[in-house]
Structure formats: C-alpha cells, structure tokens
Amino acid sequence: MNFFGFNKNEKKGTGFELDKSSSNGKVSVMAERSDDYKESWSSRRNRAVMIHNNKTDGFEVKSFYDENPRFGGVWKSDLTTADSDIADNLNKYKQQSRTEYQQNSILFTAIEIFDNNIIGPDGFNLKFTIKNRKGEFDHELSKVIIKEFKEWSKAKNCDVKGQSSLRDITFECLKNLEIDGEMLVKQVTEKSNKYNAYGYQLQSLDTARLDVQQSGRNTENNNTIRMGIEFNERGRPVAYHVKKKANIPYNYDYYNANDFEIIDAEDIIFKFYPKFSEQTRGFPTNHSILGKLKNLKELERTVTQTFKLAASATMVIKLPEDQEADSVATGKDEQDNFVYDLTPGTGMVLPPGAEIDSFEPKCPDAIYAPFIKKTEQEISGVLGLSPVTLMKNLEDVNYSTARVLLLEERTMYRKKQNFLIENFLNVVFERWLEVAILNGKISYNGQVINDLSTFGEHEYEFTGRRWEWIDPKKEIEAKRIAFGLGVTTLSDILAEQGDNIHDLKSKNDLDREVLGDDYFFKIFNSANNIQGDSATTLTEDDE
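What counts as what
Residues numbered from 1 in each chain as written. Predicted model: local features only at pLDDT ≥ 70, side-chain atom pairs only at ≥ 80, totals over all residues. Heavy atoms only, no water. Pairing = 2+ DSSP bridges. Helix = DSSP H or I, 4+ residues; strand = E, 2+ residues; numbered from the N terminus. Axes fitted to C-alpha atoms, helices over the stretch in contact; angles between N-to-C directions. Contact = heavy atoms within 4.5 Å. Buried < 20%, exposed > 50% of the residue type's maximum accessible area, 1.4 Å probe, protein only. Expected span 1.5 Å × (residues − 1). Arc of directions from axis to C-beta. Phe/Tyr/Trp six-rings, centres within 6.5 Å; stacked < 30°, edge-to-face > 60°. Lys NZ or Arg CZ within 6 Å of the ring centre and 35° of its normal. Left-handed = near helix turned anticlockwise from the far one by under 90°. Nonpolar A, V, L, I, M, F, W, Y, C, P; charged D, E, K, R; others polar. Patch = residues over 30% accessible without salt bridge, like charges linked within 9 Å, V, L, I, M, F, W, Y side chains within 5 Å. Areas by Shrake-Rupley, 256 points an atom, 1.4 Å probe, with all protein chains shown as cover. Salt bridge = Lys/Arg side-chain N within 4 Å of Asp/Glu carboxyl O. Disulfide = S-S within 2.5 Å. Polar contact = N/O pair within 3.5 Å; in protein donor to acceptor, adjacent residues only side chain to side chain. Core = buried A, V, L, I, M, F, W, Y, C linked by side-chain atoms within 4.5 Å.

Q: Residue-level account of the sheet that holds strand 14 (residues 268-272), with values.
A: Ordered by their spatial adjacency, three strands build an open sheet running 8-7-14, and the pairing between neighbours is antiparallel. Each edge of the sheet is formed by a strand with only one pairing partner; in this case those strands are strand 8 (200-204) and strand 14. Direction aside, the axes of adjacent strands within the sheet are offset by 20° on average. Pairing of strand 7 (residues 182-189) with strand 14, which is carried by five bridges, proceeds in the antiparallel orientation. Bridging from a neighbouring strand, Met183 pairs with Lys271 of strand 14.

Q: So, the side chain of Thr389: which residues are in play, and what are the values?
A: You can see Thr389 is positioned in helix 10 (residues 387-390). Apart from the residues within four sequence positions on either side, Thr389 is in contact with Ile113, Leu406, Glu409 and Tyr413.

Q: Now, about the environment of Ala82: what can you tell me, with residues and values included?
A: As for its position among the elements, Ala82 is in helix 3 (residues 82-103). Take Ala82: its relative accessible area is 16%, and that puts it in the buried class.

Q: Could you give me a rundown of helix 9 (residues 365-383), with the residues and numbers involved?
A: The end-to-end C-alpha distance of helix 9, which contains 19 residues, comes to 27 Å, matching closely the 27 Å that a straight helix rising 1.5 Å per residue would cover. For helix 9, the set of buried residues is Ile372, Thr375, Glu376, Ile379, Ser380 and Leu383. Seen along its axis, helix 9 keeps its buried residues to an arc of 130°; they face one direction. With respect to the buried face of helix 9, the exposed residues turned more than 90 degrees away are Ala366, Ile367 and Gly381. Each element contacted by the buried residues of helix 9 is listed here: helix 4 (105-119), helix 8 (290-311), helix 10 and helix 11 (399-438).

Q: Which residues make up the packing of aromatic side chains, and what values go with them?
A: What the rule picks out here adds up to 18 aromatic pairs. Between the aromatic rings of Trp152 and Tyr200, the centroid separation amounts to 5.5 Å while the plane-to-plane angle is 20°, which identifies the pairing as stacked. One end of the pair, Trp152, is in helix 5 (residues 139-152); the other, Tyr200, is in strand 8, and 48 residues separate them in sequence. Here Trp152 and Tyr200 have matching classes, each one buried. The aromatic ring of Phe137 is capped on one face by Lys131, whose charged end is 5.2 Å from the ring centroid. Positioned over the ring face of Phe114 is Lys416, at 5.7 Å from the centre of the ring.

Q: Describe in detail the packing of helix 3 against helix 8, supporting the description with residues and values.
A: Orientation of helix 3 relative to helix 8, taken along the N-to-C sense of each, is 40°, at an axis distance of 10 Å. In this structure, helix 3 crosses over helix 8, and the sense of that crossing is left-handed. Contacts from Tyr93, Gln96, Ser97, Glu100 and Gln103 in helix 3 reach Leu290, Leu293, Lys294 and Lys297 in helix 8. Considered class by class, the residues forming the contact of helix 3 with helix 8 number three nonpolar, three polar and three charged.

Q: Tell me about a nonpolar patch on the surface, and name the residues and values.
A: Judged by side-chain polarity, Leu510, Val514, Leu515, Tyr519 and Ile523 come together as a nonpolar surface patch covering roughly 480 Å² of accessible area. Looking at the nonpolar patch, the elements with two or more residues in it are helix 14 (501-515) and helix 15 (517-528). Among the elements that take part in the nonpolar patch, helix 14 stands out by supplying three residues, more than any other. Structurally, the position occupied by Tyr519 is in helix 15. Classification of Tyr519 by relative accessible area gives partly exposed; the value is 45%.

Q: Before we move on, could you go through the state of the cysteines and cite the residues and values that matter?
A: Applying the stated criterion across every chain, the model contains zero disulfides. The thiol of Cys158 is unpaired, and the distance to the nearest cysteine sulfur, on Cys173, comes to 9.9 Å.

Q: Explain the sheet that holds strand 10 (residues 224-226) residue by residue, including any values.
A: Backbone-to-backbone hydrogen bonds join strands into a sheet, with any given pair of strands oriented parallel or antiparallel. Across the sheet, which stays open at both edges, the five strands sit in the order 9-10-11-12-13 with antiparallel pairing between neighbours. For this open sheet the edge positions go to strand 9 (216-217) and strand 13 (260-264), each flanked by a neighbour on one side alone. Examined bridge by bridge, strand 12 (residues 237-243) and strand 13 share five bridges and lie antiparallel to one another. Bridging from a neighbouring strand, Lys243 pairs with Phe260 of strand 13.

Q: How would you explain the side chain of Thr280 if you had to name every residue and give the values?
A: Residue position: Thr280 is located in the loop between strand 14 and helix 8. In this structure the side chain of Thr280 is engaged in a polar contact, spanning 2.5 Å, whose partner is the side chain of Asp83. One polar contact links Thr280 to Arg226, side chain to side chain, over a distance of 3.2 Å. Discounting chain neighbours no more than four positions away, the residues touching Thr280 are Asp83, Arg226, Met227, Ile229, Phe231, Phe270 and Phe272.

Q: Can you lay out the pattern of salt bridges for me, pointing to particular residues and giving the numbers?
A: What the rule picks out here adds up to 18 salt bridges. Note that Lys297 and Glu100 form a salt bridge whose closest N and O atoms lie 3.8 Å from each other. Here the residue Lys297 occupies a position in helix 8, and Glu100 occupies one in helix 3, the gap between them amounting to 197 residues. Among the ionic pairs, Glu378 bridges to Lys374, the shortest N-O distance being 2.4 Å. You can see Glu378 and its partner Lys374 sitting in helix 9, four residues apart, about one turn around the helix. Of the residues examined, Glu378 reaches a relative accessible area of 27% and is grouped as partly exposed.

Q: Can you tell me about helix 8, naming the residues and giving the values?
A: Look at helix 8: 32 Å from first C-alpha to last across 22 residues, which is about the 32 Å you get at 1.5 Å a residue. Here helix 8 has its buried residues at Leu290, Leu293, Leu296, Lys297, Val303 and Thr306.

Q: Any details on the pairing of strand 7? Residues and values, ideally.
A: Within strand 7, seven of the eight residues are buried, leaving the element largely enclosed by the surrounding structure. Here strand 7 pairs with strand 8 via five bridges, running antiparallel. Paired with Gln187 across the strands is Leu202, a residue of strand 8.

Q: With reference to specific residues and values, describe the nonpolar core.
A: Counting 63 residues, the largest nonpolar core has Trp152, Leu202, Phe424 and Trp432 as the members making the most contacts within it. For this core, the element with the highest residue contribution is helix 11, accounting for 14 residues. The residues contacting Trp432, other than those within four sequence positions of it, are Ile145, Glu148, Phe149, Trp152, Tyr198, Tyr200 and Ile442. In this structure, Leu205, Leu210, Phe231 and Phe272 belong to the second largest nonpolar core, which totals twelve residues.

Take a look at the structure:
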C-alpha cells in the first residue's frame, strides 16, 4: 500500500511502499498528496504515525496525542531548545490558560488570591529618603516626592487611557505573568500636556501583540529577531516588534510587516518568569495543570448529571418482541425517542408480556472523594497555594498545619512581590522621577526642582502587602526579645509589616499632637506594662 510519508531530513514528501522490516516499524503517515506538496516538519509530525505490530503483522494508526510526551504520551527523544518548544506551543498554551481562567473557578480564584495577597488592596508602598547638602535627611522633600508619586499613580495620570491606576496596572502585570507567562507594558514619555500631566504614562499591552512567529534578521543592522524581539550581538534586547492594535484581527493569527511598530527596548517593560537558560519568551507556568483543571471540571459536570438522573424517578419498560413502543408511549422527546409521562400518585396498565425495569445510575463514591482530593492538592501545589486557601478545604487541618502552610504561602507571595518590585515598579519610579523633574513637576519651598543632584544621595524602596501575625502575642514577644538581644532592628520588624521607621515616627508625632503628651504617654505605658515587669516605662524626658 502506498502512503504519503516524510523523512525528517527531507524538504518534501514522497510516495513510498511501507517497509514492514523497518527497524522501528514506525513511519509518519498522511493522506496521499502530490510530490511537490511542502509542509514544515513540525506540522507534519503532528498528524499521525503508523506503527507496525510484529505480533499481528499488521499496522496501527496512532494519533499525535499518543506520541506527544507533552500530552501524556511517550517521552520526547529529540533534544530541542527552550525557544523551539516555546515557539511551537506558546500560542496554544496561552489560549488554553486564558480559557481556563475565564471558565474555571479554581484558576480564577487563585488569581484573586494572588491579587489580595501579593498586590493587596492599596498596592505597594513607596519609601523615599533624600539628604540635603549637609548630609542630613530632608524629610520634607521626601514627603513631597512621595506625595507627587501617589498623585501620579492615580488612573487619570498614570494610564494612557485614564482608566487604570498604578495598582490596577500592577495587577494586570501579575495576572498576565500567571495566565500568559509574560507581561508587556509600554512607557510613554512626552512633554507634559492636558492628557499627560507629568509627561510619563503607562500602557499595558496584550502579550499576543508580540508575535511569536516573527523571527529572522534585521537587514539594516544585522540584529537577530526572535519571536518578535530584536537582539544585538550580545543577546540584549534593543527593540520590540509590536503589532498595531488598529490593524489586528481578532485572532492575531497573521503577519504583515506594515502592521507592526518597532519600539525601542528602553520604552518597553517586558518580563517573564525565567525557567530555562537562553529563554527568549515566557510561557504559562500553570500549563502542567491545565489538563487537570479541565478534567476536574468535566468530572464535576458528569457527576452533576448523574445526581440529576439519580434524583429523578426513571424506569425502563421491556416489551415483547411483537409489541411496538408506540402502543405504550405517551409521546416523543426532542431526540424522537419514545417516552411515557407519569403523574405522581397514578398508576399505569402495561400490555400483556411487558415488564418494568429500574434504571439507577450511580456515582463511584468510593473513589470519587480521594480522586478529587488528590487532584486538588496537585493543582494547589503547582499554583503555590495550599488546599486550605485555594479550595477552602479545612478537613483534617489543625492550627500547626495551617500555620506551616500559611508561612510557605507567604514566602511565595514575597517572592512574587520582589519580582514585580525589581522588574516593574523600580523601573517605573526611576523613569517617572526623571521625567517629572524634567517637566518641572517637583516643587519644594516654593521653587521648582530641576536637578536632584544638587541634593545629597537619595534612596527608595517599595514594600508589598504584609499580613497579620498568626499568633500575635507569641510573635510580638519573640520580636521584642530579638530586639532586646540586638539580633534585629526596629526597621526590620517594621519592614516585615510593610511599614518603615520614618512613617512610624510621623504617625507617632501626629498622635502626640492630637492627643497631647500626657495622654499619649499614658496610653503607651499602659500598653507596654502588659508585657510584665521587664517592660520599659517611657516619659517625655526619655525622648
């Protein structure tokens, strides 16, 4: 029998006689086509394979699903680069991940949990300090810069469209990292105007606008272009080839050089979670559980249908061979099947020889609960969450177990916070401060600041949301002892709570101003004496 086959080293298919004596007995197969039909090797091997069965001396066609290790088949034997795998599968992984996010409550809930704990209701907090020419901290100028940055962070100033605040855009970055595996933000720098008061704004872009199929070489400078990103000879990104939104069809599946804009790398914030060396693009890190999410959803739908059937009184009427169904049925359903409608409290007379048999669909209860529990644990583990948090499963959970799980989760939260701070917020603040000063948006003591270099050194730091102590009394006592031993500082303790010593001093000063010194110290000493005789009593003279 002649089949249309391919050899990996050939550029086109050729007709051939299938060789049963082949060493591995496996040949790639497609429908018969002409010899000049050309197709990429990656797409050819996605069709089907024909396996020679030595026992039956026959051949068996297996689908690509059975042969692809990424979908549960045999291990892949060819060693490929990370970029090769990403280029072949990124769009598919992204679409699968987006679909599950839209349709699966588990993944949607996970992203909401990330939003609440990584970003938090108020976003990230900026700490900024600057010294004057004498080397002293200038707290007033620090307050001015922090105040201006908070004003810029509002939606009307921060977003090109005027719809999203900095907190909202930060969440979009986090969501894109978790769902798409990468984030893409354009920095718009211009002279201040009525639409851009500070001269600097952000535009969060759909990562699909960075075409994974666009690879080649820039003939003008000989730079390499890989998956929409242009690199210099050192492998550093110098430009991004982004699809113009106005010319993009809904499916993004096309290429036209005129529909792209080349944006300098300095104006793009593109980041992903790196998993492999020399990786150019990111990929959804949740792709390993997408199948489990889908299976869990389908199982839930099947079990629901089973419960509905079991809750309904259903019977089967067995008729003699010479008896027609229409002689008993009261009508037909939408699928043209004969049905018999019963009214509660009534009986029915069957034709001679007819029998009634019950129909009782059952759910495999013995294995259902363990299977669900194991699947939920695997899904939670990949997402970095505990089943207690993600599935709200409090079964067999005590205080000690819950504490260990929460501490592990919070470590993951801080890791993702640090990624956003280092790769997004720090970049944004440095560019904003530079542009705001150039546009004369920072005023101090009635004068516009044109150059921060006239002052001393300055430092800044973003801190993310922090959480309440699991056991406040014990943990506060532990911090107090550590502080007394000199193994930690008050700044470190405050940083763990997302605060800093400068803000604490400002708040305490405000409390003293509002309450008065006598009342303030009375409250302070009353709270401090709760700790016991070793606690210190503070007076105004101790200041």
